[in-house]
Amino acid sequence: MTGRTRRWNGWGFADVSFTLPDAARTWLLRRLGDGGAMAAVSEAEIALPDARPVGDLGAAVSSDPSRRLRHACGASFPDLVALRTGTVAAFPDAVAFPETAGEVVAVLRAAAAADVRVVVRGGGTSVVGGVTVAPDDRPVVVLSLDRLSGLTSLDPVSRLAGFGAGTLGPAVEAALAPHGLRLGHEPQSFELSSVGGWVATRSAGQRSTGIGKIDELVAGLEVATVDGLWRLPALPASAAGPELRRLVVGSEGRFGVITEATLRVRPLPMHEDGVVVLMPGWETGVTACRELVQAGVAIEVLRLSDPTETSFAQTLIHMSPVAARVSGLLFRTKRFREGCALLLGWTGTPAEVRSARLATAEIWRAHGGLAVGRGGWRRWRSDRFHHPYLRDTLLGQGWGVDTFETAATWSDLPALHAGVRAALDEAGRSAGLGVAVLCHLSHAYTDGASHYFTFFWPLRAGRAVADWRVLKEAATRGLLAAGGTLTHHHGVGTMHAPYLADEIGPHGLRVLRAVAGVSDPAGTLNPGVLLGGHAMPGAPAEPVSPRTPDPRPRTPGGREGD
Ligand SMILES: Cc1cc2nc3c(=O)[nH]c(=O)nc-3n(C[C@H](O)[C@H](O)[C@H](O)COP(=O)(O)OP(=O)(O)OC[C@H]3O[C@@H](n4cnc5c(N)ncnc54)[C@H](O)[C@@H]3O)c2cc1C
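Since we're looking at a predicted model, the values are computed, not measured.

Calculation notes
Residues numbered from 1 in each chain as written. Predicted model: local features only at pLDDT ≥ 70, side-chain atom pairs only at ≥ 80, totals over all residues. Heavy atoms only, no water. Core = buried A, V, L, I, M, F, W, Y, C linked by side-chain atoms within 4.5 Å. Buried < 20%, exposed > 50% of the residue type's maximum accessible area, 1.4 Å probe, protein only. Contact = heavy atoms within 4.5 Å. Near = heavy atom within 4 Å. Polar contact = N/O pair within 3.5 Å; in protein donor to acceptor, adjacent residues only side chain to side chain. Areas by Shrake-Rupley, 256 points an atom, 1.4 Å probe, with all protein chains shown as cover. Helix = DSSP H or I, 4+ residues; strand = E, 2+ residues; numbered from the N terminus. Nonpolar A, V, L, I, M, F, W, Y, C, P; charged D, E, K, R; others polar. Axes fitted to C-alpha atoms, helices over the stretch in contact; angles between N-to-C directions. Parallel < 35°, antiparallel > 145°, perpendicular 65-115°, else oblique. Pairing = 2+ DSSP bridges.

Draft legend 1. Spatial organisation of the nonpolar core. Counting 69 residues, the largest nonpolar core has Leu302, Leu304, Leu344, Trp410 and Leu441 as the members making the most contacts within it. Other than its neighbours up to four places away in sequence, Leu441 contacts Trp282, Val286, Cys289, Leu302, Arg303, Leu304, Trp410, Leu413, Ala449, Ser450 and His451. Ranked by size, the runner-up nonpolar core spans 45 residues in total, among them Val120, Leu183, Ile211 and Leu263.

Draft legend 2. View of the site of the ligand. Neighbouring residues of the ligand: 37 residues in total, closest Val120, Thr125, Ser189, Ser194 and Asn526. Here a nitrogen atom of the ligand and a backbone polar atom of Ala204 are 2.8 Å apart. Protein burial of the ligand: of its 950 Å² of free accessible surface, 97% is covered by the chains. At the level of elements, strand E3 (117–121), helix H6 (195–201) and strand E10 (257–264) are the ones that each hand at least two residues to the shell around the ligand. For the shell around the ligand, the leading source of residues is H6, giving five residues. Class assignment for the residues of the shell around the ligand results in 15 nonpolar, 19 polar and three charged.

Draft legend 3. Inspection of the packing of helix H1 (residues 22–32) against helix H11 (residues 307–316) at higher detail. In contact at an axis separation of 7 Å, H1 and H11 are set at 140° when each is read in the N-to-C sense. As the angle between them shows, H1 and H11 are arranged oblique. For the pair H1 and H11, the contacting residues are Ala23, Ala24, Trp27, Leu28 and Arg31 in the first and Thr308, Ser311, Phe312, Thr315 and Leu316 in the second. Residue classes in the contact of H1 with H11 are distributed as six nonpolar, three polar and one charged.

Draft legend 4. Layout of unusual backbone geometry. Its identity as a non-glycine residue notwithstanding, Arg159 has a phi of 55°, on the positive side. Its location among the elements puts Arg159 in the loop between strand E5 (151–155) and strand E6 (160–164). Residue Arg159 is classed as partly exposed on the basis of its relative accessible area of 41%. Not every positive phi belongs to a glycine, and Arg202 is a case in point at roughly 60°. Structurally, Arg202 is set in the loop between H6 and helix H7 (208–211).

Draft legend 5. Here's a closer look at the pairing of strand E8 (residues 218–225). Among the eight residues of E8, eight are classified as buried, and the element is accordingly described as predominantly covered. Of the pairings in the sheet, the one linking E8 to E10 comprises six bridges and is antiparallel in character. Bridge pairing in E10 places Ala224 opposite Val257. Alignment of E8 against strand E9 (residues 228–232), held across five bridges, turns out to be antiparallel. For Glu222, the partnering residue across the bridge sits in E9 and is Arg231. Hairpin connection from E8 to E9: two residues lie between these consecutive antiparallel strands.

By themselves, these are just geometric observations and shouldn't be taken as functional.
Here is the structure:
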């Protein structure tokens with residue numbers, strides 16, 4: 001773990017915060033009106049129930065109240081509200097800190113034998129309820145991977161590096177850099193999320209258009225179960241039956257505890273460059289992105305903001321008066337009234353970067369794009385891990401904010417963008433809430449791309465989570481109805497579990513439950529996560545079937561009937 005103090009009731013490090021610029025405040029006020037500021041209680045005001053005994057777990061265990069509090073929640077909107085308002089629904093009875101894979105097996109065996117629940121925790125940055133402790137009749141232990149951290153093996157010839165599951169993003173890159181290597185997996189939670197968490201949730205980094213999701217970077221795995229250590233060796237390819245590595249990737253702690261991952265690494269780039277291009281509109285921007293990836297142009301970072309996100313992002317930038325005036329004039333021209341910022345980044349040798357930039361420019365120019373310089377790229381490089389602090393600032397000023405993400409084929413993306421926005425607008429109208437919806441396209445593939453949505457709304461006293469739930473459910477139903485995946489990279493957790501069968505079908509759910517039954521026969525691990533079946537704060541109260549009738553034909557093997 002890093003030496004810096006982590007904030008116990010909000011995002012990130014205690015010594016960092018986000019100051020809301022006046023322009024952003026005005027932007028929010030104009031669209032949402034005033035909300036009720038949510039005060040933060042002090043740690044001393046939170047009373048924990050007595051810890052229930054968990055017995056000897058075969059590893060170091062702590063029942064210290066401060067540790068129990070810091071391991072009760074993840075980083076979802078309901079988690080943040082619970083911590084901020086002192087309304088945490090449940091606390092673990094203890095936190096276990098195994099130091100070896102063998103100790104992880106011991107904890108699992110002891111917990112299964114003693115009827116103790118285990119919540120597996122890497123960095124604790126889950127935004128879908130993956131690490132939130134739920135009320136339980138049985139004692140609950142959080143199994144922290146903090147002490148299984150660091151580089152465990154390196155094969156520079158094959159470009160493979162093994163890491164303990166608890167290794168956080170900065171430690172991964174710090175261990176590789178002296179060897180002239182990098183992983184390049186940089187989710188926005190990079191500073192606080194772990195290798196095991198990335199693998200367990202099928203995470204995507206901000207460079208994933210060039211580098212790929214974590215799915216592509218995992219070569220081998222070691223997984224602890226009650227049966228012992230299950231090793232899936234690092235092999236470039238194989239035909240030895242179905243690929244079990246892929247079954248573990250995205251298993252969210254239900255099929256065992258990942259103790260180590262062997263990852264595909266690459267040389268540090270000699271050179272990096274990037275630019276922000278203003279596209280005349282969302283549709284042309286999306287078309288340009290599709291053409292870029294389908295033409296195979298070597299782009300590492302690609303992110304297209306829709307007009308609303310572009311407009312809000314402008315308010316967060318501290319521009320000189322001259323730059324602000326030029327920018328204002330540009331957005332008032334007919335061509336860029338609905339302007340969309342397209343962020344592009346390339347890496348490689350200087351010659352490779354130049355060639356990729358020229359190939360990219362040909363396509364953006366063909367679609368009316370205008371390069372507005374490297375300043376935006378440099379700002380993105382320096383500020384990108386700072387933006388999540390905005391959530392806490394906004395809660396303190398009366399506005400809620402949450403994000404979710406999905407992906408669909410290029411053919412379905414226009415309906416997805418419109419459908420999700422319409423669903424949120426309608427839900428807000430019915431609830432009497434102003435809602436602002438922002439979106440960007442990122443993580444582009446030859447057959448489609450991800451859409452990442454952010455929504456803001458004004459907080460009403462005592463209704464923050466209830467209002468959030470109405471909006472979140474509308475958004476989830478909207479994206480499923482429009483052909484999007486339930487989640488492109490945040491994972492299922494407990495929050496999305498009731499909707500999983502909509503995407504993989506009831507048979508798919510039975511297959512996953514069967515595997516969980518083999519790996520975790522006592523049902524010890526991560527209650528409610530991925531497969532549902534356990535009431536959790538933040539999840540819909542009733543099992544839901546969100547699928548609205550879809551008249552379009554589905555290819556065989558697609559979504560299944562109920
Ligand atoms: C501000 C913010 C920004 C984010 N940005 C991104 C982003 O850009 N891209 C992205 O993909 N996600 C993002 N996320 C979501 C989150 O960071 C990812 O899901 C991340 O992969 C979780 O890693 P973690 O180590 O924090 O896992 P945790 O939150 O600790 O756990 C996540 C899930 O995985 C399970 N798990 C964790 N470790 C293991 C293990 N070793 N073995 C088995 N199961 C395990 C947990 O039980 C839980 O179900 C963001 C979250 C926040 C709060």
